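# Structure at a glance
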Amino acid sequence: MKDEIFNSLQKASLKISPEFAGSFQVTKPQDSQHGDWSSNIALIMAKEMKKNPRELAVEIISALEGLDYSEKIEVAGAGFINIYLKEDLFFSQIRNYALGDFKGLLQEKEPKKILLEYVSSNPTGPIHVGHGRSAAFGSALANLLKVAGNKVTQEYYVNDRGLQAKTLGLSVFIRMQELDNKKIVLPEDCYAGEYIKDLATKAKKHFKGKYLVKKDDNLFFETLNEWFEYVDATYENFLELANYVIELQTEEIKKDLEVFQVKYDNWFNESSLYEKDLIQKSIKNLKNNEVEKKDGALWFKSTNYGDEKDRVLIRDNEEPTYFASDIAYHKDKYDRDFDEIINIWGADHHGYIPRVKASIESLGLDAKKLKTLLIQFVSLKEKGQKVQMSTRSGEFVELSDLVDEVGIDSARYYFLARKPEQALEFDIDLAKKTNKDNHVYYIQYAHARICSIKKELKKRKIDFNLKESLEKLSLLKETEKEIISLVNGYPEILEQCYKNNELHPLCFYLRDLSSKFHSFYNAEKIISDNKDYSDAKIALSIAIKEIINNGLNILGIGCPEKM
RNA sequence: CUCCCGGUAGCUCAGCUGGAUAGAGCAUCUGCCUUCUAAGCAGAGGGUCGCAGGUUCGAAUCCUGCCCGGGAGGCCA
């Protein structure tokens, strides 16, 4: 519809001025007084042609062809062209929605194979609330991309090796000694969280006495390195323990995410890149003259592509950097032949983007395929107070704790209802409420109320035929038809979300729609003795219910029939 | 010092690819339940869109400078 209007306007404009190439818009006006559709084309053209916008608007309208479905077209305000639809067309979309038909509502013209990587937090500890935001966002975005007809692969990159994995192994090792009734002192850089003790308990059981030191061993090392020297000297393959706990912790993460309605198609282990020797191979694929040895290390000249400084690939101790793995990982993503590759990263990684882009270009790959979305931080507020969180002490609130506290639906909604580039202050008290203050309850309540109207029909044995009732929508009062305008705006909201990779407009829309419904519901009884009018109101309600259901599904939020 | 994000009502935020009178929710105040869920509804007050310039018929929106808050600038990941 929007496209048709756009094209008609464009044709008309070209008749008047063949060179006109300005970008004008066709929008749904906020105020329904301004028609069903509105365009600023005359204002844009007037600028180019230095003519009076209102006069130009009249010219454009008289040159318009093919808008059979318009009831009237007016010039208003500074020179807006407002289009009012014929009544039957006005009702055509809502009929489909009421029947639960959302096909083609959002359709990518050229469906793509898309790789969506998100969260990918280190398996050295549990998922915390910050990751939760990415998780909610990524999974909902995946739903949206799929609705548009794309094939989406959701992936989690597991950093299951390197120094941090070994440090985790050591942290668990030390706690195991504690479980074995030794006095221990945890070095500063070890992981200190409570979950380490759980891992230690499991590891102790699993290894049946292995990795428990003898009584006469000295256990009072102060630094990580001293500890590493000790365990490497004592055990043939200390990484066996590290790998075991990394695996345990990854499983924990997987569990937390699944509970949170986040399911991946693929868990990609960093270690697999090493097993296939892909680090070395991808480095060789970088442009030869952009890799050089200096100060004992191997460097990549990312400054050639605008990065602030060159980056190390292989350290002087011959250990590849995280960046080197990441080059191999991205090379692998490209090799898997996706049309689009989306990374969702925490905003703290923004400085990392130029070097990754640089490496992709140096590999001779199309950097435009890769899109990185950044998500800002999450802070928590409870009883008016900020909940303190700090990286150093490991005092992050775990996602699972938040979910236990406020529920999955609330948590997902409030993560999604804020645009990603905005830091999010999560109000725990608000998210816990079970009244209208809590938007997710408010939306779900609207849905449940409509379901209960349907039940009431059955209970009272009232004959209701949806298809027939949908032909009676014109009986609605003018104020009630305004809701239909809002309903008709659903595709534009989805389109906006899709185009901009955002979900918050959908959240706001659903709340808005619910609000309009609650007013409608409260104004007077939906079910009444005035059969035809009653049918029309029920049909409208059902359309709203279906949209709420459709929207909440995309957001990954439950949609109860009864509350 | 450089880069990124934010600054809109008392609070939390939409609006930002230039358009019509700057919008919601919360909080505050006033009303509404014998009848489909009051887990709700109706109404009222509340604004220097951080500041200063600029571009334009038109700026919260675009450009420049500055101020404030948060984040990033490892041979950590």
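Details of the structure are given in the entry above.
What you see is a predicted model; the values in this text were computed from it and never measured.

## Comments concerning the protein's contact with RNA strand B
In the region of RNA strand B, 60 residues are neighbours, and Phe-80, Lys-309, Lys-436, Tyr-445 and Ser-452 sit closest. Among the atoms of RNA strand B close to the protein, meaning within 4 Å, 66% are from sugar or phosphate groups. At 3.1 Å, a side-chain N or O of Glu-308 approaches a sugar or linking oxygen of RNA strand B. At 3.3 Å from a base oxygen of RNA strand B is found a main-chain nitrogen or oxygen belonging to Asp-316. Broken down by secondary-structure element, the contributors of at least two residues to the surface near RNA strand B are helix 2 (41–49), strand 4 (80–85), strand 9 (297–300), helix 17 (439–459) and helix 21 (504–523). It is helix 17 that provides the largest number of residues to the surface near RNA strand B, a total of eight residues. Looking at side-chain class alone, the surface near RNA strand B contains 19 nonpolar, 20 polar and 21 charged residues.

## Focus: the sheet that holds strand 2 (residues 37–39)
The sheet built from four strands is open, its strands ordered 1-2-4-3 with antiparallel pairing. Pairing within the sheet leaves two strands with one partner each, and these edge strands are strand 1 (26–27) and strand 3 (70–76). Two elements, strand 2 and strand 4, share three bridges in a ladder whose sense is antiparallel. The partner of Trp-37 across the bridge, within strand 4, is Ile-83. Set on the sheet, helix 3 (residues 53–63) makes contact with strand 3 and strand 4; between it and strand 3 the angle comes to about 160°.

## Examining the packing of aromatic side chains
Using the criterion set out here, one finds 34 aromatic pairs in the structure. Centroid distance Tyr-264 to Trp-267: 5.2 Å. Interplanar angle 70°. Geometry classified as edge-to-face. A residue is classified by how much of its surface remains accessible, and Trp-267, at 21% relative accessible area, is partly exposed. Taking 5.4 Å as the distance between ring centres and 55° as the angle between the ring planes, the aromatic pair formed by Phe-415 and Phe-426 counts as tilted. Note that Phe-415 is positioned in helix 15 (residues 408–416) and Phe-426 in strand 15 (residues 424–427), a separation of eleven residues in sequence.

## Points about empty space enclosed by the protein
Over the atoms rolls a probe the size of a water molecule, and its path tells where empty space is left. Scanning all chains against the criterion turns up one cavity of 30 Å³ or more. Considering only enclosed or pocket space, the largest cavity measures out at about 50 Å³ in volume. Around the largest cavity, the lining residues are Met-1, Lys-28, Trp-37, Leu-85, Leu-89, Phe-90, Gln-93 and Asn-488. Per element, the largest residue contribution to the lining of the largest cavity is three residues, and it comes from helix 4 (residues 87–98). Of the residues contributing to the lining of the largest cavity, the split by class is five nonpolar, two polar and one charged.

Each value, and the rule that gives it
- Residues numbered from 1 in each chain as written.
- Chains lettered and ligands numbered in written order.
- Predicted model: local features only at pLDDT ≥ 70, side-chain atom pairs only at ≥ 80, totals over all residues.
- Heavy atoms only, no water.
- Near = heavy atom within 4 Å.
- Polar contact = N/O pair within 3.5 Å; in protein donor to acceptor, adjacent residues only side chain to side chain.
- Helix = DSSP H or I, 4+ residues; strand = E, 2+ residues; numbered from the N terminus.
- Nonpolar A, V, L, I, M, F, W, Y, C, P; charged D, E, K, R; others polar.
- Pairing = 2+ DSSP bridges.
- Contact = heavy atoms within 4.5 Å.
- Axes fitted to C-alpha atoms, helices over the stretch in contact; angles between N-to-C directions.
- Phe/Tyr/Trp six-rings, centres within 6.5 Å; stacked < 30°, edge-to-face > 60°.
- Buried < 20%, exposed > 50% of the residue type's maximum accessible area, 1.4 Å probe, protein only.
- 1 Å grid on protein atoms, 1.4 Å probe; cavity = no way out; pocket = protein on both sides within 12 Å on 5 of 7 lines; lining within 4 Å.
- Points joined across faces, edges and corners; volume = space filled by probe spheres on them.

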